[in-house]
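# A closer look at the structure
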Amino acid sequence: MPKLGVNIDHVATIRQARRTVEPDPVWAAVLAELGGADQITVHLREDRRHIQDRDLEVLRRTIHVPMNLECAVVDEMLAIAEKTKPEQVCLVPERREEITTEGGLDVIRHFSRVSDAVQRLTAADITVSLFIDPDLRQIDHAAKSGAPVIEIHTGAYAHAFGTPESDQRFRAIIAAANHGSQLGLRVDAGHGLTYQNVVPIARIEQIRELNIGHSIISRAVLVGIERAVREMKQLIH
């Protein structure tokens, strides 16, 4: 039964639309904890489009569950991670023009840079996760980099859900989860997961944690964060 990491980025997205102080993502994180979140996930992007440095600092002092910081493999972000010391850092690809993270990190192409980042964060006593597509070669290189955790990008499965292509995408995730587990990696998953498509992914035995944001925050707008998180937890269970 995988744990649930709740990504609160889009609470900050609403706030940044007006450049004001509400809604406060820190308050949202506390309510998500009350709803049963096992982890709080935030993505501090280079362009600061949603989560801000202040959010990261206050969250670190406030929440009682582990923090998972998503960030690009760049010196600025690695330095912030070393200073903030979240329990986990998930290294992700990042492009300024994208609406959201559009794919997994290319560990093969950027192996040297990724490996150096893994060593640097590990030396700071931070668990490192790599956000990658369900590609067996990428998983092999993730293991070689020294990262103990991978997060499988489930976006292609989510986009195909309900279509003939869905089964193929789902089988790719199963194969990736099996492969990562056999290599001794902890396997997480996330991106595009919703109340409608999460159950099949939650049933994959090797997956230890799911990180879900947009769907939960969308539901929370209507019913509140505590209830939205509880409902997702019930589906996962």
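Preceding this paragraph is the structure being described.
Residues numbered from 1 in each chain as written. Predicted model: local features only at pLDDT ≥ 70, side-chain atom pairs only at ≥ 80, totals over all residues. Heavy atoms only, no water.

### Some points on the pairing of strand β2 (residues 39-43)
This is how it is decided: Categorising residues by exposure relies on relative accessible area from a 1.4 Å probe, with only protein chains included: less than 20% of the type maximum marks a residue as buried, more than 50% marks it as exposed, and the intermediate range marks it as partly exposed. Each helix is a run of DSSP H or I of at least 4 residues and each strand a run of E of at least 2, with the numbering of both proceeding from the N terminus. Note on pairing: two strands pair once DSSP finds at least 2 bridges between them. Handedness of a crossover is defined as follows: orient the strands so they point away from the viewer, and if the path from the first strand over the helix to the second runs clockwise, the crossover is right-handed.
By the criterion of burial, β2 is predominantly enclosed, with 5 of the 5 residues buried. Burial along β2 is two-sided: the residues Gln39, Thr41 and His43 and Ile40 and Val42 are all buried. The pairing of strand β1 (residues 3-7) with β2 spans 3 bridges and is classified as parallel. Considered in β2, the bridge of glycine 5 is made with glutamine 39. Note: β2 against strand β3 (residues 67-71), 4 bridges, orientation parallel. Its bridge partner lying in β3, isoleucine 40 is registered against methionine 67. Read as a crossover between parallel neighbours, the route from β2 over helix α3 (residues 53-62) to β3 is right-handed.

### Comments concerning the pattern of salt bridges
To keep things clear, this is the line we draw: By salt bridge we mean one thing: a side-chain nitrogen of Lys or Arg within 4 Å of a carboxyl oxygen of Asp or Glu.
Going through the model one piece at a time under the given rule, you end up with 16 salt bridges. Taking the shortest distance from any N to any O, the salt bridge between arginine 219 and glutamate 231 comes out at 2.8 Å. With arginine 219 in helix α10 (residues 214-223) and glutamate 231 in helix α11 (residues 225-236), this residue pair connects regions lying 12 residues apart in the sequence. With a relative accessible area of 27%, arginine 219 lands in the partly exposed category. When the shortest N-O distance is used, the salt bridge between glutamate 231 and arginine 227 registers 2.8 Å. Highlighted residues: glutamate 231 and arginine 227, both in helix α11, separated by 4 residues, approximately one helical turn. Judged by its relative accessible area of 18%, glutamate 231 is buried. Overlapping salt bridges bring together Arg15, Asp24, Arg54 and Asp55 as one network.

### With respect to the nonpolar core
As a reminder, the rule being used: Buried residues of nine kinds, namely Ala, Val, Leu, Ile, Met, Phe, Trp, Tyr and Cys, make up a nonpolar core once their side-chain atoms join them within 4.5 Å. Contact definition: two residues touch when any of their heavy atoms are within 4.5 Å.
Core analysis: the largest hydrophobic core is formed by 70 residues, its most contacted members being Ile40, Leu91, Leu130, Ile201, Ile207, Leu210 and Ile216. Sorting elements by how many residues they give to this core places α11 first, with 5 residues. Excluding residues that lie within four positions of it along the chain, leucine 130 makes contacts with Cys90, Leu91, Leu105, Val107, Val114, Val118, Ala142, Ser145, Ala147, Val149, Ile150 and Glu151.

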